[in-house]
Amino acid sequence: GQQVMQIPQYQHVQEGEDFTTYCNSSTTLSNIQWYKQRPGGHPVFLIQLVKSGEVKKQKRLTFQFGEAKKNSSLHITATQTTDVGTYFCAWNTGKLIFGQGTTLQVKP
Amino acid sequence: GAGVSQSPSNKVTEKGKDVELRCDPISGHTALYWYRQSLGQGLEFLIYFQGNSAPDKSGLPSDRFSAERTGGSVSTLTIQRTQQEDSAVYLCASNRDRGNYEQYFGPGTRLTVT
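Residues numbered from 1 in each chain as written. Chains lettered and ligands numbered in written order. Predicted model: local features only at pLDDT ≥ 70, side-chain atom pairs only at ≥ 80, totals over all residues. Heavy atoms only, no water.

A.B. asks: Could you clarify how one ought to interpret the sheet that holds strand S6 (residues 55-58) of chain A in this entry?
C.D. replies: Two pairing modes exist for strands in a sheet, parallel and antiparallel, and in both the strands are linked by backbone hydrogen bonds. Residue and element names in this part refer to chain A. Taken together, the five strands give an open sheet; going across it, the order is S1-S3-S8-S7-S6, and neighbouring strands pair in antiparallel fashion. Edge strands, defined here as strands with exactly one partner in the open sheet, are strand S1 (5-7) and S6. With strand direction ignored, the average angle separating the axes of adjacent strands in the sheet is 15°. As judged from the three bridges shared by S1 and strand S3 (residues 19-24), these two strands associate in the antiparallel manner. Its bridge partner being in S3, Met 5 is matched across the sheet by Asn 24. (Pairing = 2+ DSSP bridges. Helix = DSSP H or I, 4+ residues; strand = E, 2+ residues; numbered from the N terminus. Axes fitted to C-alpha atoms, helices over the stretch in contact; angles between N-to-C directions.)

A.B. asks: What's the story with the nonpolar core in this structure? I'm lost.
C.D. replies: Across soluble globular proteins, nonpolar side chains show a tendency to be buried alongside one another. Membership of the largest hydrophobic core comes to 21 residues, with the highest contact counts inside it found for Trp 34 and Phe 63 of chain A. Residue assignment for this core shows that the elements contributing at least two residues are S3, strand S4 (32-37), strand S5 (44-49), strand S7 (61-65), strand S8 (71-76), strand S9 (85-92) and strand S11 (102-107) of chain A. If we ignore the near neighbours within four places in the chain, the residues touching Phe 63 of chain A are Trp 34, Leu 46, Ile 47, Leu 49, Glu 54, Val 55, Lys 56, Gln 58, Ser 73 and Leu 74 of chain A. One finds Cys 23, Leu 60, Leu 111 and Val 113 of chain B within the second-largest nonpolar core, a separate group that totals 19 residues. (Core = buried A, V, L, I, M, F, W, Y, C linked by side-chain atoms within 4.5 Å. Buried < 20%, exposed > 50% of the residue type's maximum accessible area, 1.4 Å probe, protein only. Contact = heavy atoms within 4.5 Å.)

A.B. asks: Looking at this structure, I do not really get the layout of surface pockets. What am I missing?
C.D. replies: Sizing a probe to match a water molecule and rolling it over the atoms shows the empty space that remains. The space that makes up the largest pocket amounts to roughly 1200 Å³. In terms of lining, the largest pocket is formed by 45 residues, of which the most central are Phe 88 of chain A together with Gln 37, Ser 38, Gly 42 and Leu 43 of chain B. Contributions of two or more residues to the lining of the largest pocket are made by S9, strand S10 (96-98) and S11 of chain A together with strand S4 (31-38), strand S5 (42-50), strand S9 (88-95) and strand S11 (109-113) of chain B. Ranked by the residues each element gives to the lining of the largest pocket, the list is headed by S5 of chain B, at four residues. For the lining of the largest pocket, the class distribution of residues is 16 nonpolar, 25 polar and four charged. Empty space within the second largest pocket amounts to approximately 170 Å³. As for the second largest pocket, its lining consists of Lys 36, Arg 38, Leu 46, Gln 58, Lys 59, Arg 60, Leu 61, Thr 82, Asp 83 and Tyr 87 of chain A. Per-class residue counts for the lining of the second largest pocket are three nonpolar, two polar and five charged. (1 Å grid on protein atoms, 1.4 Å probe; cavity = no way out; pocket = protein on both sides within 12 Å on 5 of 7 lines; lining within 4 Å. Points joined across faces, edges and corners; volume = space filled by probe spheres on them. Nonpolar A, V, L, I, M, F, W, Y, C, P; charged D, E, K, R; others polar.)

A.B. asks: Would you explain the sheet that holds strand S3 (residues 19-24) of chain B in this entry?
C.D. replies: All names here are of chain B. Pairing in this open sheet of four strands is antiparallel, and the strands run S1-S3-S8-S7 from one edge to the other. With partners counted over all chains shown, the strands left at the sheet margins are strand S1 (5-7) and strand S7 (65-69), one partner each. Neighbour-to-neighbour, the strand axes of the sheet open up by a mean angle of 15°, direction not taken into account. Looking at chain direction, S3 and strand S8 (residues 75-79) are connected through five bridges and run antiparallel. Of the residues in S8, the one forming a bridge with Glu 20 is Thr 78.

A.B. asks: Which parts of the structure should I look at to understand the interface of chain A and chain B?
C.D. replies: Interface extent is often summarised as the accessible area lost during association of the parts. Taken together, the 14 residues of chain A in the interface contact 15 residues of chain B. At the boundary of chain A with chain B, the tally comes to one salt bridge. Across the pair Lys 95 of chain A and Asp 56 of chain B runs a salt bridge, and its minimum N-O distance is 3.4 Å. Our enumeration of links across chain A and chain B arrives at nine residue pairs in polar contact (both at pLDDT 80 or more). Broken down by secondary-structure element, the contributors of at least two residues to the side of chain A that touches chain B are S4, S5, S9 and S10 of chain A. No other element matches the three residues that S4 of chain A contributes to the side of chain A that touches chain B. When its residues are assigned to classes, the side of chain A that touches chain B shows six nonpolar, seven polar and one charged. (Salt bridge = Lys/Arg side-chain N within 4 Å of Asp/Glu carboxyl O. Polar contact = N/O pair within 3.5 Å; in protein donor to acceptor, adjacent residues only side chain to side chain.)

Right under this line is the structure:
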(Lines give C-alpha, C1' and ligand atoms only; values in the text may rest on other atoms or scores of the structure.)
Protein backbone atom coordinates (compact mmCIF):
# COMPACT_ATOMS: atom_id res chain seq x y z
CA GLY A 1 0.00 0.00 0.00
CA GLN A 2 0.88 3.65 -0.31
CA GLN A 3 3.50 4.43 2.34
CA VAL A 4 3.69 8.18 1.77
CA MET A 5 0.49 10.17 1.56
CA GLN A 6 0.42 13.67 0.13
CA ILE A 7 -2.28 16.32 0.17
CA PRO A 8 -3.87 18.22 -1.39
CA GLN A 9 -3.96 16.68 -4.86
CA TYR A 10 -4.55 20.07 -6.51
CA GLN A 11 -4.22 23.67 -5.43
CA HIS A 12 -5.19 26.77 -7.37
CA VAL A 13 -3.90 30.04 -5.97
CA GLN A 14 -3.79 33.65 -7.04
CA GLU A 15 -0.31 34.91 -7.78
CA GLY A 16 1.14 36.30 -4.58
CA GLU A 17 -0.75 33.91 -2.30
CA ASP A 18 1.03 31.27 -0.25
CA PHE A 19 0.92 27.53 -0.93
CA THR A 20 1.57 24.49 1.24
CA THR A 21 1.68 20.78 0.47
CA TYR A 22 1.84 18.11 3.15
CA CYS A 23 3.22 14.58 3.28
CA ASN A 24 2.70 12.04 6.00
CA SER A 25 3.45 8.44 6.69
CA SER A 26 2.57 5.88 9.32
CA THR A 27 6.22 4.78 9.12
CA THR A 28 9.14 6.68 10.60
CA LEU A 29 11.02 8.00 7.59
CA SER A 30 14.82 8.01 7.45
CA ASN A 31 14.64 10.98 5.13
CA ILE A 32 12.27 12.92 2.93
CA GLN A 33 13.06 14.38 -0.46
CA TRP A 34 11.14 16.92 -2.50
CA TYR A 35 10.98 17.05 -6.29
CA LYS A 36 9.33 19.50 -8.68
CA GLN A 37 7.92 18.46 -12.04
CA ARG A 38 7.03 21.24 -14.44
CA PRO A 39 4.19 20.57 -16.91
CA GLY A 40 5.52 18.26 -19.62
CA GLY A 41 8.79 17.85 -17.76
CA HIS A 42 10.50 15.38 -15.50
CA PRO A 43 11.02 15.42 -11.71
CA VAL A 44 13.85 17.66 -10.55
CA PHE A 45 15.36 17.30 -7.10
CA LEU A 46 14.82 20.22 -4.74
CA ILE A 47 16.05 19.13 -1.33
CA GLN A 48 16.53 16.31 1.17
CA LEU A 49 15.74 16.48 4.90
CA VAL A 50 17.10 13.88 7.31
CA LYS A 51 16.96 15.29 10.85
CA SER A 52 13.99 15.39 13.19
CA GLY A 53 12.47 18.87 13.19
CA GLU A 54 14.71 20.04 10.36
CA VAL A 55 13.78 23.23 8.52
CA LYS A 56 15.47 24.32 5.33
CA LYS A 57 14.82 27.33 3.13
CA GLN A 58 15.44 28.00 -0.52
CA LYS A 59 14.44 31.56 -1.33
CA ARG A 60 10.61 31.54 -1.08
CA LEU A 61 10.44 27.78 -0.38
CA THR A 62 10.48 26.42 3.18
CA PHE A 63 10.79 22.69 3.84
CA GLN A 64 10.07 21.07 7.19
CA PHE A 65 10.53 17.56 8.55
CA GLY A 66 8.40 16.66 11.54
CA GLU A 67 9.74 15.92 15.00
CA ALA A 68 8.60 12.31 14.73
CA LYS A 69 9.94 12.04 11.18
CA LYS A 70 6.53 10.96 9.97
CA ASN A 71 5.50 14.12 8.16
CA SER A 72 6.91 16.90 6.04
CA SER A 73 5.72 20.05 4.38
CA LEU A 74 6.72 22.41 1.60
CA HIS A 75 5.57 26.01 1.89
CA ILE A 76 5.91 28.56 -0.88
CA THR A 77 5.56 32.20 0.07
CA ALA A 78 4.10 34.68 -2.42
CA THR A 79 3.68 32.28 -5.33
CA GLN A 80 4.76 33.24 -8.81
CA THR A 81 3.71 31.83 -12.17
CA THR A 82 7.10 30.11 -12.36
CA ASP A 83 6.08 27.97 -9.36
CA VAL A 84 3.51 26.11 -11.47
CA GLY A 85 4.01 22.35 -11.53
CA THR A 86 3.59 19.23 -9.48
CA TYR A 87 5.47 18.90 -6.22
CA PHE A 88 6.30 15.42 -4.98
CA CYS A 89 7.64 14.26 -1.69
CA ALA A 90 9.57 10.99 -1.74
CA TRP A 91 11.13 8.67 0.78
CA ASN A 92 14.53 7.48 -0.42
CA THR A 93 15.02 3.88 0.68
CA GLY A 94 17.55 3.29 -2.08
CA LYS A 95 14.61 3.59 -4.41
CA LEU A 96 12.19 6.49 -4.24
CA ILE A 97 8.75 5.96 -2.75
CA PHE A 98 6.74 8.92 -3.93
CA GLY A 99 3.72 10.67 -2.55
CA GLN A 100 0.88 11.24 -4.98
CA GLY A 101 2.00 14.80 -5.71
CA THR A 102 0.32 18.19 -5.43
CA THR A 103 -0.33 20.07 -8.64
CA LEU A 104 -0.06 23.81 -8.19
CA GLN A 105 -1.71 26.23 -10.57
CA VAL A 106 -1.09 29.95 -10.20
CA LYS A 107 -3.47 32.53 -11.63
CA PRO A 108 -1.67 35.72 -12.69
CA GLY B 1 27.56 17.94 -18.74
CA ALA B 2 24.95 15.79 -20.47
CA GLY B 3 22.01 14.64 -18.40
CA VAL B 4 20.09 11.39 -18.52
CA SER B 5 18.76 10.71 -21.99
CA GLN B 6 15.93 8.42 -23.03
CA SER B 7 14.68 7.19 -26.37
CA PRO B 8 12.29 7.23 -28.00
CA SER B 9 10.54 10.25 -26.51
CA ASN B 10 7.20 8.91 -27.72
CA LYS B 11 6.13 5.43 -28.72
CA VAL B 12 2.77 4.34 -30.03
CA THR B 13 2.29 0.61 -30.37
CA GLU B 14 -0.49 -1.84 -30.96
CA LYS B 15 -1.69 -4.09 -28.20
CA GLY B 16 0.25 -7.34 -28.19
CA LYS B 17 3.46 -5.93 -29.69
CA ASP B 18 6.78 -5.79 -27.85
CA VAL B 19 8.54 -2.49 -27.13
CA GLU B 20 12.03 -1.52 -26.01
CA LEU B 21 12.76 1.67 -24.14
CA ARG B 22 16.30 2.94 -23.78
CA CYS B 23 18.02 4.91 -21.05
CA ASP B 24 21.48 6.47 -21.18
CA PRO B 25 22.48 7.58 -17.66
CA ILE B 26 24.87 10.33 -16.69
CA SER B 27 28.46 9.19 -17.29
CA GLY B 28 29.95 7.66 -14.17
CA HIS B 29 26.63 7.01 -12.46
CA THR B 30 26.61 3.41 -11.28
CA ALA B 31 23.02 3.36 -10.01
CA LEU B 32 20.15 3.40 -12.49
CA TYR B 33 16.42 3.30 -11.80
CA TRP B 34 13.27 2.89 -13.86
CA TYR B 35 9.99 4.43 -12.76
CA ARG B 36 6.57 4.60 -14.34
CA GLN B 37 4.26 7.57 -14.16
CA SER B 38 0.59 7.16 -14.95
CA LEU B 39 -2.48 9.19 -14.04
CA GLY B 40 -4.00 6.59 -11.83
CA GLN B 41 -0.88 5.32 -10.10
CA GLY B 42 1.41 8.33 -9.75
CA LEU B 43 5.16 7.65 -9.81
CA GLU B 44 6.01 3.99 -9.24
CA PHE B 45 9.40 2.32 -8.88
CA LEU B 46 10.03 -0.52 -11.31
CA ILE B 47 13.64 -1.71 -11.04
CA TYR B 48 17.06 -0.67 -9.80
CA PHE B 49 20.49 -1.47 -11.25
CA GLN B 50 23.82 -1.25 -9.52
CA GLY B 51 26.33 -1.67 -12.28
CA ASN B 52 24.96 -4.42 -14.50
CA SER B 53 23.10 -6.29 -11.82
CA ALA B 54 19.55 -5.68 -10.67
CA PRO B 55 19.30 -6.28 -6.91
CA ASP B 56 15.79 -4.87 -6.73
CA LYS B 57 13.20 -5.82 -9.33
CA SER B 58 10.31 -5.62 -6.91
CA GLY B 59 8.38 -2.98 -8.85
CA LEU B 60 8.09 -4.84 -12.16
CA PRO B 61 4.33 -5.34 -12.54
CA SER B 62 4.41 -8.65 -14.41
CA ASP B 63 6.72 -11.08 -16.14
CA ARG B 64 6.04 -9.23 -19.39
CA PHE B 65 8.43 -6.57 -18.09
CA SER B 66 12.19 -7.06 -18.11
CA ALA B 67 15.24 -4.87 -18.12
CA GLU B 68 18.93 -5.19 -18.64
CA ARG B 69 21.95 -3.00 -18.35
CA THR B 70 25.18 -3.52 -20.22
CA GLY B 71 28.64 -2.09 -19.68
CA GLY B 72 27.44 -0.39 -16.53
CA SER B 73 25.85 2.23 -18.72
CA VAL B 74 22.89 1.97 -21.10
CA SER B 75 19.77 0.21 -19.90
CA THR B 76 16.86 -1.19 -21.88
CA LEU B 77 13.40 -1.79 -20.49
CA THR B 78 11.44 -4.32 -22.55
CA ILE B 79 7.70 -4.82 -22.38
CA GLN B 80 6.40 -7.91 -24.13
CA ARG B 81 2.86 -8.36 -25.42
CA THR B 82 1.91 -4.81 -24.47
CA GLN B 83 -1.47 -4.13 -22.91
CA GLN B 84 -3.43 -0.88 -22.77
CA GLU B 85 -2.74 -0.59 -19.05
CA ASP B 86 0.98 -0.33 -19.90
CA SER B 87 0.34 3.13 -21.35
CA ALA B 88 2.32 5.56 -19.20
CA VAL B 89 5.44 7.68 -19.11
CA TYR B 90 8.51 5.58 -18.33
CA LEU B 91 11.17 7.56 -16.51
CA CYS B 92 14.78 6.61 -16.00
CA ALA B 93 16.93 8.10 -13.25
CA SER B 94 20.54 7.70 -12.21
CA ASN B 95 22.92 8.67 -9.45
CA ARG B 96 26.52 8.12 -8.55
CA ASP B 97 25.69 5.26 -6.18
CA ARG B 98 22.68 4.07 -4.25
CA GLY B 99 23.66 5.99 -1.15
CA ASN B 100 23.96 9.21 -3.10
CA TYR B 101 20.74 10.90 -2.34
CA GLU B 102 19.80 12.96 -5.40
CA GLN B 103 18.37 11.10 -8.37
CA TYR B 104 18.64 12.70 -11.81
CA PHE B 105 15.72 11.97 -14.09
CA GLY B 106 15.60 11.70 -17.84
CA PRO B 107 12.84 13.26 -19.95
CA GLY B 108 10.91 10.00 -20.12
CA THR B 109 9.34 7.90 -22.86
CA ARG B 110 5.61 8.31 -23.34
CA LEU B 111 4.20 4.91 -24.28
CA THR B 112 0.74 4.66 -25.77
CA VAL B 113 -0.74 1.23 -26.41
CA THR B 114 -3.68 1.26 -28.82
